[in-house]
Amino acid sequence: MPPVPPRRRRVYLFAYGFLAPIIALFAFLRIFPIIYTVFLAFFNWSLVGTDHTFVGLDNFTNLLGDPNFQTAFLNTTIIAIGTTVLSIGLAFFVAAVVAYGGGKIGGLIEILFFLPVVTPLVPATLGWRSLLDYQHGLLNAIFGLFGIPNQAWTTDPTLAIVSIIAISVWAQVGYNMIILLVGMRSIPRLYMEAAAVDGASTWRQFRHITFPLMVPILLFVTVITTIQAYNVFTQVFVLASDVQGAPGYLVRVLVYDIFQNGFRYFNFGYAAAEAVYLFLVVIVLMLIQFRLFNRPTD
Amino acid sequence: MGQLRRGRAIRLLIQIALLAVGLVMVFPLFWLISTSLRPAPELLESPPALLPQHWTLDNYASAFAAAPFGSWLINSVIFATVSTFFILITSSVAGYILAKFRFPGNNFIFILILATAIVPFEIYVLPVFLEVQALSLINTMPGLILPYVILSYGIFFMRQNVMASVPDELLDASRMDGLSETGIMVRLVPRLLAPAISALAIFAYLQSWTAFIWPLLVLNDPNLFPVQLGLAQFNSSVSVNYAVLSAGAVVAMAPTVIAFLVLRRRIIEGVTLTGFK
């Protein structure tokens, strides 16, 4: 190995010296916990007791037969798919309209759609809950005008999932719209004009120019939205947590189930195995995006 | 000519429809504000009116009297300010060094940071809890803040910005002038990065202001609650009606909503440039 020249050694010293504390924090707060989650999943690990027994894959196999986990996984998947499809569909539609016919109100639309993104979820969900209230909510009042009977938006297990999807879409769509809008605006006008000269209708321009060019960005927002939607928690916690209902009990979702196993039953190993399943979902989604991104577009 | 007029009419219709959907988007927020300003008896009206018939601020007084919203807000400010301070320092220093210095491990560190940026906090929160417990920081302000002192995405963001707006020639010239490496990093670089630093500051502040899950897990003393957690607890207490609850909700959301309305251009630009959320 050649000796390191003094000037270079000074640079190394500077770089490593300032980087070291940050990397240490990073390792302590991100890398180690991620690895340790996987490690914990192979143990019977009590939060309060001293029981730390290696149990192999038991936690993983037991989870598969656990009705709570099954319910949580199914509910979370439904919420994630619903949120992703609806928020991206709506965002794409609005972005296209703003990009091609928004005129002067485009900026206002951006602001109105983005406000929910920066609103904290706890107060936002409270606002939704009062709109969705069975007796005095505005939504049931509006439905009543059309002769539709009051619906239990927050207490019926199926309707509560619908409500949670609605809140999640509401909170996400503005972000997706802004990202898609950037993509649409970056498509050179020249392409459209050339197509228009050749006699292509607006729809055909959109179908054959805009849409194909938007695929990578659509993929990006799809993966981001799905990952976030799989971690749904706050909406569920707040929506069902009034005087009658135990928080989050109505619609069981994965993160809620993880916390219940970990912090109520003190079963950290079991909860960690559940987190690993959630992690697998995230990894699969990332791999899908990676594979599709690296495919040359035709 | 007729076709042109028809095109214009369609465009107007589209814009009206867009505006209607946009108003639906802000309606839950409007509804919170409107509910928070009406006296309790008006809550029972069916159908509810869009605006209060008798405007009142009593609900805000009731909210502040029934729960320590004042200290919750202060806790949130401390939490968000300290977290933002640390995230700015760690992100800028790491971003600058990773962008401008060649040394063994540089790429590896960068890829590691990038790869973990997308892993949601909920997945690895259990070991973080064990660590904070081992440090005896459960139910303390430092324990609340600790996981929020670094931001993987912030490091990535600052590295990109350093590459884009800190020229090597300027660094070399400053070295010729006898400035130390530390001097360059502390005095010169931040001046070139002002827009990026302010964008990151906004997002870091927003992140901790809206944080809910970690405060819920790590705190059980209501005096330490940030306002989101306090509001959630307020929500599950028995004697609160929707008007008082809405007043509390408005208090908890007002800072971010106002900040957004003031800084909207910068925030939307920040999102569009970085994909950051």
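Residues numbered from 1 in each chain as written. Chains lettered and ligands numbered in written order. Predicted model: local features only at pLDDT ≥ 70, side-chain atom pairs only at ≥ 80, totals over all residues.

**A look at the overall build of chain A**
Piece 1. Assigned secondary structure in chain A consists of 12 helices and 2 strands.
Piece 2. Written out in order from the N terminus, the α and β elements of chain A read α-β-β-α-α-α-α-α-α-α-α-α-α-α.
Piece 3. The C-alpha radius of gyration of chain A comes to 25 Å, more than 25% above the 19 Å expected for a compact globule of 298 residues.
Piece 4. Along the first, second and third principal axes, the C-alpha atoms of chain A reach 70 × 70 × 35 Å.
Piece 5. Considering only residue pairs separated by 6 or more positions, chain A has 69% of its internal contacts joining residues 24 or more positions apart. (Helix = DSSP H or I, 4+ residues; strand = E, 2+ residues; numbered from the N terminus. Rg over C-alpha atoms; globule rule 2.2 N^0.38 Å. Contact = placed C-beta atoms within 7 Å.)

**So, the environment of Leu216(B)**
Piece 1. Among the secondary structure elements, Leu216(B) is positioned in helix α11 (residues 213-218).
Piece 2. Residues Leu216(B) and Gly183(B), 33 residues apart in the sequence, show an inter-C-alpha distance of 41 Å.

**Examining the interface of chain A and chain B**
Piece 1. With 77 residues of chain A at the contact, the number on the chain B side is 72 residues.
Piece 2. Taken together, the residues of the side of chain A that touches chain B sort by class into 62 nonpolar, 12 polar and 3 charged. (Nonpolar A, V, L, I, M, F, W, Y, C, P; charged D, E, K, R; others polar.)

**Here's the deal with the domain arrangement of chain B**
Piece 1. By the assigned domains, chain B splits into domain 1 (2-58) and domain 2 (67-237).
Piece 2. One C-alpha centre belongs to domain 1 of chain B, the other to domain 2 of chain B; they are set 38 Å apart. (Domains from an automatic or database assignment.)

**Quick look at helix α10 (residues 194-210) of chain B**
Piece 1. Over its 17 residues, α10(B) runs 24 Å from end to end, which matches the ideal 24 Å to within 8%, given 1.5 Å per residue.
Piece 2. Those residues of α10(B) that sit buried are Ala196(B), Ala199(B), Leu200(B), Phe203(B), Ala204(B), Tyr205(B), Leu206(B), Ser208(B), Trp209(B) and Thr210(B). (Expected span 1.5 Å × (residues − 1). Buried ≥ 20, exposed ≤ 12 C-beta atoms within 10 Å, placed from the backbone.)

**A short note on the packing of helix α3 (residues 69-100) of chain B against α10(B)**
The relative placement of two packed helices is expressed as an angle between their axes plus a distance between the axes.
All names here are of chain B.
Piece 1. Remark: α3 packs on α10, axes separated minimally by 8 Å, with the N-to-C direction vectors making an angle of 140 degrees. What the angle tells us is that α3 and α10 run oblique. The interaxial crossing formed by α3 with α10 has right-handed handedness. Here Ser76, Phe79, Ala80, Ser83, Thr84, Ile87, Leu88, Ser91 and Ser92 of α3 come into contact with α10, specifically with Ile197, Leu200, Ala201, Ala204, Tyr205, Ser208 and Trp209. (Axes fitted to C-alpha atoms, helices over the stretch in contact; angles between N-to-C directions. Parallel < 35°, antiparallel > 145°, perpendicular 65-115°, else oblique. Left-handed = near helix turned anticlockwise from the far one by under 90°.)

**What to know about the confidence of the model for chain B**
Should the pLDDT be low somewhere, the predicted coordinates at that spot are not to be read in detail.
Residue and element names in this part refer to chain B.
Piece 1. Looking at chain B, the pLDDT average stands at 91 and 96% of residues meet or exceed 70.
Piece 2. Looking across chain B, the model is least confident in helix α1 (residues 2-36), with a mean pLDDT of 87, and most confident in helix α6 (residues 141-145), with 98.
Piece 3. Predicted complex, confidence summary: ipTM 0.92, pTM 0.92. (pLDDT = per-residue confidence, 0-100.)

**A closer look at the confidence of the model for chain A**
Piece 1. Put simply, chain A has an average pLDDT of 88, and 93% of its residues get 70 or more.
Piece 2. Model confidence for chain A, summarised as mean pLDDT per element, is weakest for helix α8 (residues 189-197) of chain A at 80 and strongest for helix α2 (residues 58-64) of chain A at 96.

**Digging into the nonpolar core**
Piece 1. Counting residues in hydrophobic clusters, the biggest one holds 154 residues, and the most contacted among them are Ile164(A), Met177(A), Leu180(A), Val236(A), Val253(A), Ala272(A) and Ala275(A).
Piece 2. Apart from the residues lying within four places of it in its own chain, the contact partners of Val253(A) are Ala72(A), Asn75(A), Thr76(A), Ile79(A), Val232(A), Phe233(A) and Val236(A). (Core = buried A, V, L, I, M, F, W, Y, C linked by C-beta atoms within 7 Å.)

**Overview of unusual backbone geometry**
Residue and element names in this part refer to chain B.
Piece 1. Not every positive phi belongs to a glycine, and Ser136 is a case in point at roughly 55 degrees.
Piece 2. Mapping Ser136 onto the fold places it in the loop between α5 (121-134) and α6.
Piece 3. For Ser136, a count of 9 C-beta atoms within 10 Å translates into the label exposed.
Piece 4. Phi at Asn139 takes a positive value of approximately 65 degrees, unusual for a residue other than glycine.
Piece 5. Topologically, Asn139 is positioned in the loop between α5 and α6.

**Describing helix α1 (residues 6-40) of chain A**
Piece 1. The sharpest bend along α1(A) measures roughly 45 degrees and falls at Ala27(A).
Piece 2. When we look at burial in α1(A), the residues that qualify are Ala15(A), Leu19(A), Ile22(A), Phe26(A), Leu29(A), Arg30(A), Pro33(A), Thr37(A) and Leu40(A). (Bend = angle between axes of the 7 residues up to and from the residue.)

**Thoughts on the domain arrangement of chain A**
All names here are of chain A.
Piece 1. Examined at the domain level, chain A breaks down into domain 1 (6-54) and domain 2 (67-293).
Piece 2. Each of domain 1 and domain 2 was reduced to a C-alpha centroid, and the two centroids are 33 Å apart.
Piece 3. Facing 10 residues of domain 1, the contacting portion of domain 2 comprises 9 residues.
Piece 4. Contributing elements (two or more residues each) for the side of domain 1 that touches domain 2: α1 and β1 (43-45).
Piece 5. Among the residues making up the side of domain 1 that touches domain 2, the classes are represented as 7 nonpolar, 3 polar and no charged.

**Observations regarding the packing of helix α7 (residues 157-185) of chain A against helix α9 (residues 202-230) of chain A**
All names here are of chain A.
Piece 1. Contact geometry for α7 and α9: axes closest at 10 Å, N-to-C directions at 150 degrees. Classified by the interaxial angle, the pair formed by α7 and α9 is roughly antiparallel. With respect to the hand of their crossing, α7 and α9 are arranged in right-handed fashion. Residue-level inspection shows Ser168, Gln172, Asn176, Ile179, Leu180, Gly183 and Met184 of α7 in contact with α9, the latter providing Thr210, Met214, Ile217, Val221, Thr225 and Ala229.
Piece 2. Of the residues contributing to the contact of α7 with α9, the split by class is 7 nonpolar, 6 polar and no charged.

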